[in-house]
Protein chains: 2
Amino acid sequence: MRQFNFCSGPAALPQSVLLQAQQQLLDWQGRGCSVMEISHRSPEFIAVAEQAEQDLRDLLSIPRHYKVLFLSGGATAQFSAVPWNLFGGDSFRRADYLQTGHWSNKAIAEARRYGEVNVVATSAEQNFNYVPEAASWQASEGAAYLHYTSNETIHGVEFPYVPEVSCPLIADMSSNILSQPLAVEKFGVIYAGAQKNIGPSGISVVIVRDDLLDRAVAEIPRSLSWKVAADAGSMDNTPATFAWYLSGLVFKWLKAEGGVTAMAALNQRKSSLLYDFIDHSNFYHNSVALSSRSRMNVPFTLADNKLDALFVNEATEAGLLNLKGHRSVGGMRASLYNAVSLQAVQALVAFMGDFEQRNG
Amino acid sequence: MRQFNFCSGPAALPQSVLLQAQQQLLDWQGRGCSVMEISHRSPEFIAVAEQAEQDLRDLLSIPRHYKVLFLSGGATAQFSAVPWNLFGGDSFRRADYLQTGHWSNKAIAEARRYGEVNVVATSAEQNFNYVPEAASWQASEGAAYLHYTSNETIHGVEFPYVPEVSCPLIADMSSNILSQPLAVEKFGVIYAGAQKNIGPSGISVVIVRDDLLDRAVAEIPRSLSWKVAADAGSMDNTPATFAWYLSGLVFKWLKAEGGVTAMAALNQRKSSLLYDFIDHSNFYHNSVALSSRSRMNVPFTLADNKLDALFVNEATEAGLLNLKGHRSVGGMRASLYNAVSLQAVQALVAFMGDFEQRNG
């Protein structure tokens with residue numbers, strides 16, 4: 001029986017998507033084989049790929065002067081791809097990065113290997129529990145781009161706005177893409193590993209403005225090049241076809257559910273329910289600044305961390321899966337991606353209330 | 001209903017593997033979620049990953065001084081990874097490559113961007129229809145490695161032996177790994193995209209000798225580094241968990257079927273059946289030198305190429321899928337990977353005989 005799954009990623013997928021994939025797994029469209037057993041260059045798979053792209057374009061209103069790529073690997077590969085694709089040509093090998101947690105740290109470390117990284121602002125001194133005010137940012141002259149992580153999965157910190165900058169804006173949106181409407185035209189590049197709001201792990205979506213496709217460092221490895229991928233319809237190499245197909249099913253599901261506007265309302269409701277409960281409790285605590293709280297990942301601690309293991313075990317028995325926090329910050333974490341229902345959060349809050357009563 | 005599928009890749013998977021995946025797709029091990037909806041760092045998934053590695057080690061008798069990596073992407077990513085991982089340190093930026101078809105060409109083109117490539121031997125002058133005699137090879141002094149493609153999927157050419165060289169031997173085995181026993185200790189590195197004999201596309205296996213992990217070029221992108229992957233158990237980034245899990249199911253299936261020794265016998269029988277039929281026909285033709293014929297991919301032409309479309313259509317109607325040849329060489333191609341049964345090849349030969357009678 002399906003349980004409520006709060007995994008931070010690879011995360012819960014919509015049940016109807018999994019059901020569809022299950023029904024078609026051995027015999028897709030009555031063709032006598034699985035969608036994962038056909039050539040990526042067959043007309044049948046090309047149709048899957050193009051439909052997925054079109055649905056994603058529809059969902060996020062992606063303008064025509066942006067390419068949409070489906071690439072192997074996740075955000076980590078893009079941490080390398082960003083400087084390799086943007087540090088060439090006439091641009092300076094210098095970029096601005098916002099440092100707001102674990103994932104932006106990783107992106108910074110990789111970019112530093114290829115050029116000068118200017119940390120525009122950091123929240124490190126407060127354990128990454130807020131988004132630094134834009135007024136405090138120290139942008140550099142002639143940066144090739146500014147990079148930020150729109151949602152820090154581990155620290156539970158989310159940008160409540162899109163940064164306004166004069167250079168191309170690059171965003172790692174792995175953990176909050178498709179959770180709300182998005183002004184794509186404000187960005188140079190948006191990338192996201194699939195395993196939170198898109199599909200299974202092993203594939204990522206990269207949305208890149210056409211004029212940024214010619215800035216690659218000459219020696220860029222072929223598999224990291226957005227230009228090569230764009231010219232080949234993301235099929236310069238054999239793509240992760242089953243992951244692409246599943247992502248397409250998720251996009252269809254999102255459209256049927258009312259798209260990102262409906263998701264935004266639902267995500268607001270889900271996260272508010274949990275934050276309100278935590279804030280009205282003396283037993284649970286979330287330390288993120290109110291204005292920077294993530295709608296996707298809600299880390300919280302118990303009044304007594306000796307109860308952590310008991311909480312996780314009892315939650316699992318109650319059908320509430322994968323609530324253990326990341327090893328680097330401890331405590332608990334509930335991830336509330338699109339595929340996590342309101343009922344799941346209601347059940348979680350009910351369990352938390354009960355647990356507090358018995359152990360508080 | 002399942003049909004006989006001769007796709008060159010992404011290729012047919014064993015039906016029992018797909019059935020198992022189907023049964024578990026929404027509720028894996030009774031845990032209330034899919035295997036693709038849990039953290040790669042969870043004990044449950046670590047167990048999947050470790051079992052898959054162990055089964056692969058058992059199947060190929062991989063010595064302990066080799067690491068086994070499961071990486072995002074396929075062989076194309078490894079075309080970059082090979083020079084980046086082996087052109088650093090004290091080694092010359094020079095490598096020997098055997099040029100035997102489409103895929104070795106791709107590997108050569110990518111390596112040339114990072115160092116000197118010496119083409120040891122080529123069969124280009126005969127449209128890549130044979131493996132050049134080892135006696136003719138022109139090895140270079142001080143090459144960092146020698147690279148070859150053990151099976152050329154498009155041209156249907158397979159090395160009938162393992163090259164003997166004095167530098168580390170690197171093999172792209174994407175399309176014939178696990179098809180027969182293998183002396184892994186003769187190799188420095190073996191790599192293979194999964195989508196032929198291992199699992200779905202989007203993941204690759206890299207088997208690398210420990211002493212070759214310290215030869216990377218300093219600027220190697222993190223996602224291409226075998227050392228980084230080896231140190232992190234292939235989890236420096238979120239791996240393609242579902243593809244890894246499916247690969248593990250294929251390894252279990254292979255073991256149950258008798259391992260690579262049984263596969264070698266079966267593959268020999270399947271390919272001999274088809275080649276014998278072609279050779280005894282005046283209607284069908286395969287132009288590959290006898291000693292270099294691939295047991296995995298059998299390209300063939302019809303006496304009149306105006307009949308190609310009819311052949312493909314009638315074959316499809318007869319339940320024989322994906323026989324159209326690669327666009328670069330035309331004609332037909334039957335791929336006979338491990339998961340393609342003897343019955344499938346018998347049905348193909350019967351159809352071919354019938355088609356010849358009606359159209360020959």
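We now turn to the structure provided with this report. Because the structure is a prediction, the values reported are computed rather than measured. (Residues numbered from 1 in each chain as written. Chains lettered and ligands numbered in written order. Predicted model: local features only at pLDDT ≥ 70, side-chain atom pairs only at ≥ 80, totals over all residues. Heavy atoms only, no water.)

A word on the packing of helix H8 (residues 308-317) of chain B against helix H9 (residues 342-359) of chain B. Residues and elements named next belong to chain B. It is at 11 Å that the axes of H8 and H9 come closest, and there the two elements cross at 135°. Regarding the angle of H8 to H9, the classification is oblique. At the point where H8 passes H9, the crossing takes the right-handed sense. Here Leu310, Phe311, Glu314 and Ala315 of H8 lie close against H9, whose contacting residues are Phe351, Met352, Phe355, Arg358 and Asn359. (Axes fitted to C-alpha atoms, helices over the stretch in contact; angles between N-to-C directions. Helix = DSSP H or I, 4+ residues; strand = E, 2+ residues; numbered from the N terminus. Parallel < 35°, antiparallel > 145°, perpendicular 65-115°, else oblique. Left-handed = near helix turned anticlockwise from the far one by under 90°. Contact = heavy atoms within 4.5 Å.)

Take empty space enclosed by the protein next. Taken as a whole and judged by the stated rule, the model has four cavities of 30 Å³ or more. Taken together, 35 residues make up the lining of the largest cavity; nearest its centre are Ser72 and Ala77 of chain A together with Ser72, Ala77 and Ser223 of chain B. Only strand S2 (66-72), helix H3 (75-86) and helix H5 (226-231) of chain A together with strand S2 (66-72), helix H3 (75-86) and helix H5 (226-231) of chain B provide two or more residues apiece to the lining of the largest cavity. The biggest single contributor to the lining of the largest cavity is H3 of chain A, with four residues. A per-class count over the lining of the largest cavity returns 14 nonpolar, 17 polar and four charged. (1 Å grid on protein atoms, 1.4 Å probe; cavity = no way out; pocket = protein on both sides within 12 Å on 5 of 7 lines; lining within 4 Å. Points joined across faces, edges and corners; volume = space filled by probe spheres on them. Nonpolar A, V, L, I, M, F, W, Y, C, P; charged D, E, K, R; others polar.)

Residue and element names in this part refer to chain B. Across the sheet, seven strands lie side by side as S2-S10-S9-S8-S5-S3-S4; this open sheet has mixed pairing. Single-partner strands in this sheet number two, and they are S2 and strand S4 (116-122). Across the sheet, the mean angle separating the axes of adjacent strands is 20° when strand polarity is ignored. Of the strand pairs in this sheet, S2 and strand S10 (residues 203-209) are connected by seven bridges, and their pairing is antiparallel. Bridging across to S10, Val68 finds its partner in Ile207. Against the sheet, helix H2 (residues 43-60) engages S2 and S10, with an angle of about 125° to S2. Here H3 sits on the sheet and contacts S2, strand S3 (94-99), strand S8 (169-172), strand S9 (189-193) and S10; the angle it forms with S9, its principal contact strand, is near 160°. (Pairing = 2+ DSSP bridges.)

So, about the packing of aromatic side chains. According to the stated counting rule, one finds 41 aromatic pairs over all chains in the structure shown. Ring geometry for Phe70 of chain B and Trp244 of chain B: centres 4.7 Å apart, planes at 20°, overall stacked. One end of the pair, Phe70 of chain B, is in strand S2; the other, Trp244 of chain B, is in helix H6 (residues 241-256), with 174 residues separating them in the sequence. Considered together, Phe70 of chain B and Trp244 of chain B belong to a single accessibility category, that of buried residues. Between Tyr284 of chain B and Phe300 of chain B, the ring centres sit 5.8 Å apart and the planes meet at 80°, which makes this aromatic pair edge-to-face. Separated by 16 residues along the polypeptide, Tyr284 of chain B in strand S11 (residues 284-285) and Phe300 of chain B in strand S12 (residues 297-302) bring together distant segments of the chain. Note on accessibility: Tyr284 of chain B and Phe300 of chain B belong to one class, buried. Following the ring pairs from residue to residue traces out a cluster consisting of Phe277, Phe283, Tyr284, Phe300, Phe311, Phe351 and Phe355 of chain A. (Phe/Tyr/Trp six-rings, centres within 6.5 Å; stacked < 30°, edge-to-face > 60°. Buried < 20%, exposed > 50% of the residue type's maximum accessible area, 1.4 Å probe, protein only.)

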